[in-house]
Amino acid sequence: MQRFETARDAALSLRPDVPVYCFRPEVLKADARRFMEMFPGKTAYAVKTNGETMVLKTLSEAGVTAFDVASPAEFEAVRSVAPEAEMLYMHPVKAQSDIRLALETYGIRTIAIDHEDEVTKLARVVQALDIDPGTIAVFVRIQTKGSAAYELSKKFGAGPAHAVELLQRLHRNGYRVGICFHVGSQISDPDTYERALRTADWVRNRAAVPLAGLDVGGGFPAEYGHDPNRKAPEMPSLGQLMSRLRGDIVEWGFGDMPLVAEPGRVICAHAFSLIVRVLLRKGRRIYINDGIWSSLSDSWTGKITLPARFIPDPAIRSRNGDRSKIVPFKVCGATCDSVDILSRPFWLPETVDTGDWIEIGHIGAYSLALRSRFNGFYPDTFVEVSRPFDEGTQPESFASLETMA
Ligand SMILES: *Cc1c(COP(=O)(O)O)cnc(C)c1O
């Protein structure tokens, strides 16, 4: 992989017509280590956030020894770069053949469930493979309520009474049992974890079985940019959130049991930026070489404003407008699809023109993981960049991917 100090250096040297991901391994390592230092338990990186080999390998080098996986492809991705790493199979709804693969081929011994039919599937595999259930830790996923940019509690999780039954049944069948939850992604309210802990406490007391652990899931927010024309959202810092969570864990009596967290976004968001090129400027509209079917699909679901840096093409000698004036541009994506238009503008210097580049920061989570091959556009070019996106000159622009105002 080619190395550059900044994305600007990469853009001006390569003059790329395709989107280029700028990978910052040192940022990834630092963010992973920061999380592991703050969290008082096991850190299992959620592979779905960004499962690129370079990411898994770098995390393994940074000392991450556990990974939250959900599919055969994720088992293999982890195994191939970190053969010794522990895998936690935390998807609550699984194909029986995948459970078998997990237990038999990959030696996975930690698994999540939220329904009795999943217990049945697991029991069939355990019996067929003649595994001692006492070697398996089954985490019952409980439903949570909260405010995250992405809510998952409507899809997964057992209600408290149901969770109690599941824990008792699993315990009777000889498994080790734990409780897990996942409050959704990019949480903004520090009470979110406490509400989940309160439910976990209720379930534990009713179930009255020995617990092998508590898994608090993901949801830890990454810092992004914000639209300067609006009030900055009040977001707790990771440090604040974590000290609150540590306190709540102790207060609710979970302080002396093995703890697990499954962070994704907070670990890899800052490790990548993306260089896109302006293929055409038409008035206050720009056409870029990426879009909702590639790296910017967060525009459908997210509420995230990314910082962006203007990289003017020095070959453009004459420009109209005022470089210091930041104005909104409607952004059209690369595909021949009329929905491939971002629903919120990018704010860029008035002088932006056909041929310029834009570096979009903090795009490491849920962007390249969600790329499709639609219309034949599949960004897959990577360079390594050493300087963190936030270092040096302030990014003057921003790319708002917010749809749900
Ligand atoms: C997606 C997911 C995560 C990671 O969530 P982040 O918000 O990216 O930290 C963790 N656990 C489970 C079960 C998930 O589905």
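From a predicted model like this one, the values you see are computed outputs, not experimental measurements. (Residues numbered from 1 in each chain as written. Predicted model: local features only at pLDDT ≥ 70, side-chain atom pairs only at ≥ 80, totals over all residues. Heavy atoms only, no water.)

A. Representation of the domain arrangement of the protein in the model. Domain boundaries assigned for the protein yield domain 1 (3-21 + 271-399) and domain 2 (40-262). With 19 residues of domain 1 at the contact, the number on the domain 2 side is 17 residues. Of the roughly 1600 Å² buried where domain 1 meets domain 2, counting both sides, 58% is carbon and sulfur surface. Linking domain 1 to domain 2 there are 1 salt bridge. Here Glu52 makes a salt bridge to Arg371, at a shortest N to O gap of 2.8 Å. Those elements giving two or more residues to the side of domain 1 that touches domain 2 turn out to be helix H11 (298-301) and strand E15 (305-311). (Domains from an automatic or database assignment. Contact = heavy atoms within 4.5 Å. Buried area = accessible area lost by both parts, 1.4 Å probe. Salt bridge = Lys/Arg side-chain N within 4 Å of Asp/Glu carboxyl O. Helix = DSSP H or I, 4+ residues; strand = E, 2+ residues; numbered from the N terminus.)

B. Molecular detail of the site of the ligand. Near the ligand there are 15 residues, and of these Lys48, Ser185, Glu262, Arg265 and Tyr366 occur at the shortest range. Here a nitrogen atom of the ligand and a side-chain polar atom of Asp68 are 3.3 Å apart. At 2.8 Å from an oxygen atom of the ligand is found a main-chain nitrogen or oxygen belonging to Arg265. Across the shell around the ligand, the residue classes tally to 3 nonpolar, 7 polar and 5 charged. (Near = heavy atom within 4 Å. Polar contact = N/O pair within 3.5 Å; in protein donor to acceptor, adjacent residues only side chain to side chain. Nonpolar A, V, L, I, M, F, W, Y, C, P; charged D, E, K, R; others polar.)

C. Inspection of the pattern of salt bridges at higher detail. In this structure the tally under the stated criterion is 23 salt bridges. In this structure, Glu104 and Arg100 form a salt bridge, with 3.2 Å as the shortest nitrogen-oxygen distance. Of the two residues, Glu104 and Arg100 are both situated in helix H5 (residues 96-104); the distance of 4 residues between them amounts to about one turn of the helix. Overall, the relative accessible area of 45% leaves Glu104 in the partly exposed class. Judged by its relative accessible area of 34%, Arg100 falls in the partly exposed class. A salt bridge links Arg244 to Asp248; its shortest N-O distance comes to 3.2 Å. Note that Arg244 and Asp248 are positioned in helix H9 (residues 238-251) at a spacing of 4 residues, about one turn of the helix. A relative accessible area of 5% places Asp248 in the buried class. Residues joined by salt bridges that share partners form a network here, namely Arg15, Asp17, Arg277 and Asp313. (Buried < 20%, exposed > 50% of the residue type's maximum accessible area, 1.4 Å probe, protein only.)

D. Quick look at unusual backbone geometry. Despite not being glycine, Arg15 shows a phi value in the positive range, around 45°. With respect to the element layout, Arg15 can be found in the loop between helix H1 (7-14) and strand E2 (20-23). Phi angles above zero are rare outside glycine, and Asn375 is one such case at about 65°. Classification of Asn375 as partly exposed rests on a relative accessible area of 38%.

E. The sheet that holds strand E11 (residues 211-215), seen in detail. Strand order around the closed barrel formed by 8 strands is E3-E4-E5-E6-E7-E9-E11-E12, with parallel pairing between neighbours. This sheet shows a mean twist of 25° between the axes of neighbouring strands, independent of strand direction. By the bridge criterion, 4 bridges tie strand E4 (residues 66-69) to strand E5 (residues 86-89) in an arrangement that is parallel. Considered in E5, the bridge of Asp68 is made with Leu88. (Pairing = 2+ DSSP bridges. Axes fitted to C-alpha atoms, helices over the stretch in contact; angles between N-to-C directions.)

F. Expanded view of helix H7 (residues 160-172). Taking 1.5 Å per residue as the helical rise, H7 with its 13 residues ought to reach 18 Å, and the 18 Å between its terminal C-alpha atoms agrees with that figure. Listed as buried for H7 are Ala163, Val164, Leu166, Leu167 and Leu170. Down the axis, H7 shows its buried residues gathered within 165° of arc, on one side only. Structural note: H7 exposes Glu165 and Arg172 on the side pointing more than 90 degrees away from its buried face. Backbone geometry just after H7 places Gly174 at a positive phi near 95°. (Expected span 1.5 Å × (residues − 1). Arc of directions from axis to C-beta.)

G. View of the packing of aromatic side chains. Under the criterion given, the structure shown has 10 aromatic pairs. Ring centres 5.0 Å apart and planes at 85° place the aromatic pair Phe75 and Tyr89 in the edge-to-face group. Of this pair, Phe75 sits in helix H4 (residues 72-81) while Tyr89 sits in strand E5, and the two are 14 residues apart along the sequence. Under the relative-accessibility criterion, Tyr89 is labelled buried at 0%. Ring geometry for Phe272 and Phe382: centres 6.4 Å apart, planes at 75°, overall edge-to-face. Taken as a pair, Phe272 in strand E13 (residues 272-282) and Phe382 in strand E19 (residues 381-385) lie far apart in primary sequence, 110 residues in all. Considered together, Phe272 and Phe382 belong to a single accessibility category, that of buried residues. One aromatic cluster is present, formed by Tyr21, Phe23, Phe272 and Phe382 through successive ring pairs. The aromatic ring of Phe254 is capped on one face by Arg204, whose charged end is 3.9 Å from the ring centroid. (Phe/Tyr/Trp six-rings, centres within 6.5 Å; stacked < 30°, edge-to-face > 60°. Lys NZ or Arg CZ within 6 Å of the ring centre and 35° of its normal.)

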